[in-house]
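What follows is the residue order along each chain.
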Amino acid sequence: MSRSDLIRLVAGREIGERIRSKAFRISAGVSLAFILAVAILPGVIGDGGPTTYDVGVFGAGSDALAERLPQVAAFDDDVAVDVRRVASEEEGRRLVASGDLDAAVGDGGVVVERELSDRLGFIVREANRQVAGEAALAGAGVRGDAAARILAPEPLAVRPLDPESEEETTKEGLVFFGTLLLYGQLLGFGYWVASGVVEEKASRVVEVLLAKAPPNQLLAGKVIGIGAVGLAQLVGLVVIGLLAAAATGSVDLPAETVPVAAQVVAWFVLGFAFYSCLFAVAGAIASRAEELQSTTTPLTFLTVGSFFAAITTGGDPGGPVGQVATFVPFSAPMVLPIRVAAGEIEPWEVVVSVAIVVLSIVAAMRLAGRVYAGGAMHLRGQMKVRQALRAEETSQARA
Amino acid sequence: MLELVTLSKRYGDVVALDGLSMTVGAGRIHGFVGRNGAGKTTAMRVTLGLARADAGEVRWKGRPVMAADRRRFGYMPEERGLYPRMTALHQIVYFARLSGMGAGEARSAAMAVLESMGIAERSGEPVERLSLGNQQRCQLAAALVTSPELLVLDEPFSGLDPVGVDNLAGVLQAQVDGGTAVVFSSHQLELVERLSDEVTIIDQGRVVASGPVGEVRRSRGADQLKVALEDGGTAWADELPDATVVARFGDEVVLELSPGGDDQAVLDAARRAGRVRSFRREAPSLTELFREVVAS
């Protein structure tokens, strides 16, 4: 039986067992529900459209106010004002008390139930200021255009240094969720590699397996099998999430969606190749599932730390955290998509980062192969990595 | 057919094997006996390629054993050696395929061996849900699926009730009748004595006795006479000229004949003392031999 046939056989068993396991179905289901919620809900709930305030006007000048209030409100997309005439202050009080009106304005005062909210208050005061100002100017003989020029000078020109478009916000949001997904997949499926290795030790199946196949091929098959399931799940979640978002129109997908998604997937492949080898080491030095908690602690620590580095980078893609994290193989898979999507990275940084990760993968594979070979038959008690490396010298018969 | 040739192995300061040599022939059952930590499991692991000997070699059919040979050996490690959540059928097919069998061949061999073990109906259930006895049958099925020419079993009888023991013994006998070489280790020496054609006793990684069971039993001492009188008296045995009392078990007395002594003379002496209930002449049991050999 050729080497690749054997690896394929082992990987196939791994895939079958994972897909059939309840743990996988539950976690996949939860992930799917989460992704769908994120993709669809914003469109369904929306922001409900602008907030509308019901305002009543009375007394002298109420006509002018009635006209001015909606105009002032128009400057803010999120707010609208519905004005109606009220006969008197008493009627105004009655309607505010009954909740039909948010406020009643007139005769130099505003009737509200408890307090005047900042937003409505600003609109009402501004409208009042304008109306009162116009009246005063008219009294002084200034009308029409002259009055308008005094009351409403040229608005200030906004000159943003780094104009943020709506599209960029969406892209950043997408990359954030992509990174979150990536982190979850790396941690979850990496842990499965460790628990798979230790389960075979605890159940002694590894004795039977090693009599039939060399340790390197067994490990390769396991990592490839679990990785394949992880990759399929990631691609599935990404595709379903994006399709759901596009179909419900809740998110306007920018043009770069597909490249961003492709990068997240590609970095999963590289990241998993690296992390899985280290998780395999954690599994190989343990002899029972209970020992996994302590053997995987350093690695979990690094994974979570890398995720936080990614979050920090998200807030400041060109900043120092992002720059350093780009060249650390643990954090690179999560940080690169963010920096690339934000356009805050030089091409040479990408090349060097990929090179570092690839070299790290090679080193990790070699380490994992040796520790697995040395640790696989050590079936009682936890080992140290150095012990396992020494044991590897005298482990497998070469023939 | 299987030859272990002066195998030596240490784990750090601990000597696991010390020049161990042993031969298991085709169609023979070879019992492998020793105290805990004597090196039985290590010897088996070296045979299967799970550990590398520091010196010596393992030979199969006259030449150094190869990975291709090892893949087709049947091996039952000391503890379960099964995937808890996989079904019996799936995993036996998997092991068969790992051994080099094709997909269709593996499947039909797996079903056949499960049938012959009597667990075909439970073969679709996860192994962890099977009873211990059925799990053991499953483990045995996994070892037999490749129709192996060599079976290596590490403590296969441990935990089995007498019926289970008989069943397993029957399976092993059938294998041996088919030409398979079988080597198994056990602490139950009466069992080893009953089943094995040959036995090897090891202590501290070294062989201390080896050969056909009868020969090994007789190798250390003379035959023993075991006599019991109906009235339970044993005093008559104390003053015999050609025999010495070596043990007393209740009303049975065990005597060793001096060289040239006549067992019939002892029988006459017993009859003079009372009605004889039982009189046996036997080589020392393996248990006695083992205690003696390992203690020295």
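Residues numbered from 1 in each chain as written. Chains lettered and ligands numbered in written order. Predicted model: local features only at pLDDT ≥ 70, side-chain atom pairs only at ≥ 80, totals over all residues.

**Describing the overall build of chain A**
A tally of regular secondary structure across chain A gives 16 helices and 4 strands. The C-alpha radius of gyration of chain A comes to 32 Å, more than 25% above the 21 Å expected for a compact globule of 399 residues. Taken over the C-alpha atoms alone, chain A extends approximately 110 × 45 × 35 Å along its principal axes. Taking all 399 residues of chain A together, 40% fall into the buried category. Pairs at least 24 apart in sequence give 72% of the contacts found in chain A among residues at least 6 apart. (Helix = DSSP H or I, 4+ residues; strand = E, 2+ residues; numbered from the N terminus. Rg over C-alpha atoms; globule rule 2.2 N^0.38 Å. Buried ≥ 20, exposed ≤ 12 C-beta atoms within 10 Å, placed from the backbone. Contact = placed C-beta atoms within 7 Å.)

**Let's talk about the domain arrangement of chain B**
Residue and element names in this part refer to chain B. If you check the domain split of chain B, you get domain 1 (2–218) and domain 2 (221–295). A C-alpha centroid distance of 38 Å is found between domain 1 and domain 2. Taken residue by residue, the interface counts 15 residues in domain 1 and 9 residues in domain 2. Counting only elements with at least two residues in the side of domain 1 that touches domain 2, the list comes to α7 (189–195), β9 (198–203), β10 (206–212) and α8 (213–219). Its residues placed into classes, the side of domain 1 that touches domain 2 shows 8 nonpolar, 1 polar and 6 charged. (Domains from an automatic or database assignment. Nonpolar A, V, L, I, M, F, W, Y, C, P; charged D, E, K, R; others polar.)

**Some thoughts on the interface of chain A and chain B**
Accessible area lost during the coming together of the parts is what is often quoted as the interface size. Taken residue by residue, the interface counts 19 residues in chain A and 29 residues in chain B. Elements that contribute at least two residues to the side of chain A that touches chain B include exactly α1 (3–20) and α8 (205–210) of chain A. In terms of residue count, the dominant contributor to the side of chain A that touches chain B is α8 of chain A (4 residues). Residues of the side of chain A that touches chain B, tallied by class, amount to 10 nonpolar, 4 polar and 5 charged.

**Side note on helix α5 (residues 118–139) of chain A**
Residues lying three or four places apart along an α-helix face the same way, a consequence of the helix completing one turn every 3.6 residues. Residue and element names in this part refer to chain A. When the terminal C-alpha atoms of α5 are compared, their 31 Å separation across 22 residues agrees well with the 32 Å that a helix rising 1.5 Å per residue should span. Regarding α5, the residues found buried are Leu 120, Ile 123, Val 124, Ala 127, Asn 128, Gln 130, Val 131 and Glu 134. Burial along α5 is one-sided: seen end-on, the buried residues are contained in an arc of 155°. Among the exposed residues of α5, those pointing more than 90 degrees away from its buried face are Asp 118, Ala 136 and Gly 139. Elements in contact with the buried residues of α5: β1 (51–57), α3 (62–73), β2 (79–85), β3 (103–106), β4 (109–112) and α6 (144–151). A positive backbone phi angle near 95° is found at Gly 141, which sits one or two residues after α5. (Expected span 1.5 Å × (residues − 1). Arc of directions from axis to C-beta.)

**Here we look at the packing of helix α9 (residues 215–248) of chain A against helix α10 (residues 257–284) of chain A**
Residue and element names in this part refer to chain A. Running from amino to carboxyl end, α9 crosses α10 at an angle of 155°, the nearest separation of the two axes being 10 Å. Our classification of the angle between α9 and α10 gives roughly antiparallel. Crossing of α9 over α10 shows right-handed handedness. Along the contact surface, α9 presents Leu 219, Val 223, Ile 226, Gly 227, Gly 230, Leu 231, Leu 234, Val 235, Val 238 and Leu 242, while α10 presents Thr 257, Ala 261, Val 264, Val 265, Phe 268, Val 269, Phe 272, Ser 276 and Ala 280. The residue inventory of the contact of α9 with α10, partitioned by class, reads 15 nonpolar, 4 polar and no charged. (Axes fitted to C-alpha atoms, helices over the stretch in contact; angles between N-to-C directions. Parallel < 35°, antiparallel > 145°, perpendicular 65-115°, else oblique. Left-handed = near helix turned anticlockwise from the far one by under 90°.)

**Some remarks on the pairing of strand β3 (residues 29–34) of chain B**
All names here are of chain B. In terms of burial, β3 is a largely internal element, 6 of the 6 residues being buried. Bridging between β3 and strand β8 (residues 181–185) involves 4 bridges; their strand directions are parallel. Within the sheet, the bridge partner assigned to Gly 31 lies in β8 and is Phe 184. In terms of strand pairing, β3 meets β9 through 5 bridges, oriented parallel. Along β9, the bridge assignment pairs Gly 31 with Val 199. (Pairing = 2+ DSSP bridges.)

**A closer look at the sheet that holds strand β5 (residues 63–64) of chain B**
All names here are of chain B. Ordered in space as β2-β1-β4-β5, the 4 strands form an open sheet in which the pairing is antiparallel. The open sheet has two edge strands with one neighbour each: β2 (14–24) and β5. With respect to the sheet, helix α1 (residues 40–48) is in contact with β1 (2–11), β2 and β4 (55–60), its orientation differing from that of β1 by roughly 115°.

**Let's talk about the environment of Leu 6 of chain A**
Residue and element names in this part refer to chain A. Assignment of secondary structure puts Leu 6 in helix α1. Leu 6 sits in the buried class, given 20 other C-beta atoms within 10 Å. Distance in space between the C-alpha atoms of Leu 6 and Pro 214 is 9.8 Å, their sequence separation being 208 residues. Excluding residues that lie within four positions of it along the chain, Leu 6 makes contacts with Met 1, Ala 213, Gln 217 and Gly 221.

**Quick word on the confidence of the model for chain B**
Per-residue confidence for chain B gives a mean pLDDT of 90; residues scoring 70 or more make up 100%. Confidence, expressed as mean pLDDT per element, reaches its minimum in chain B at helix α10 (residues 286–295) of chain B with 80 and its maximum at strand β7 (residues 150–153) of chain B with 96. (pLDDT = per-residue confidence, 0-100.)

**Structural notes on unusual backbone geometry**
Residues and elements named next belong to chain B. The phi dihedral of Ser 147 falls on the positive side, at around 45°, and the residue is not glycine. Its place among the elements puts Ser 147 in the loop between α5 (132–144) and β7. One non-glycine residue, Glu 155, adopts positive backbone phi at about 50°. The residue Glu 155 is located in the loop between β7 and α6 (162–177) in this model. Overall, Glu 155 belongs to the partly exposed group, with 18 C-beta atoms counted inside 10 Å.

**Focus: the sheet that holds β10 of chain B**
Residue and element names in this part refer to chain B. The sheet built from 6 strands is open, its strands ordered β6-β7-β8-β3-β9-β10 with mixed pairing. Taken across any chain shown, the strands that pair with only one partner, and hence form the sheet edges, are β6 (74–76) and β10. Strand after strand, the sheet turns through a mean of 15° between neighbouring axes, direction not considered. Two elements, β9 and β10, share 6 bridges in a ladder whose sense is antiparallel. The residue of β10 that forms the bridge with Asp 203 is Arg 206. The sheet strands contacting α6 are β3, β7 and β8, and the helix crosses β8 at an angle near 150°.

**Quick notes on the environment of Ala 391 of chain A**
All names here are of chain A. The topology assignment puts Ala 391 in helix α16 (residues 385–393). A tally of 21 C-beta atoms within 10 Å means that Ala 391 is categorised as buried. Distance in space between the C-alpha atoms of Ala 391 and Gly 375 is 7.2 Å, their sequence separation being 16 residues. Ignoring sequence-local partners within four residues, the contact set of Ala 391 consists of Gly 374, Gly 375 and His 378.

**Here's the deal with the packing of α9 of chain A against helix α15 (residues 347–375) of chain A**
All names here are of chain A. The geometry of α9 relative to α15 is characterised by a closest axis approach of 9 Å and an angle of 115° between their N-to-C directions. As for how α9 packs across α15, the hand of that crossing is right-handed. Within the contact between the two elements, α9 uses Pro 215, Asn 216 and Leu 219 and α15 uses Ala 368, Gly 369, Tyr 372 and Ala 373. Residues of the contact of α9 with α15, tallied by class, amount to 5 nonpolar, 2 polar and no charged.

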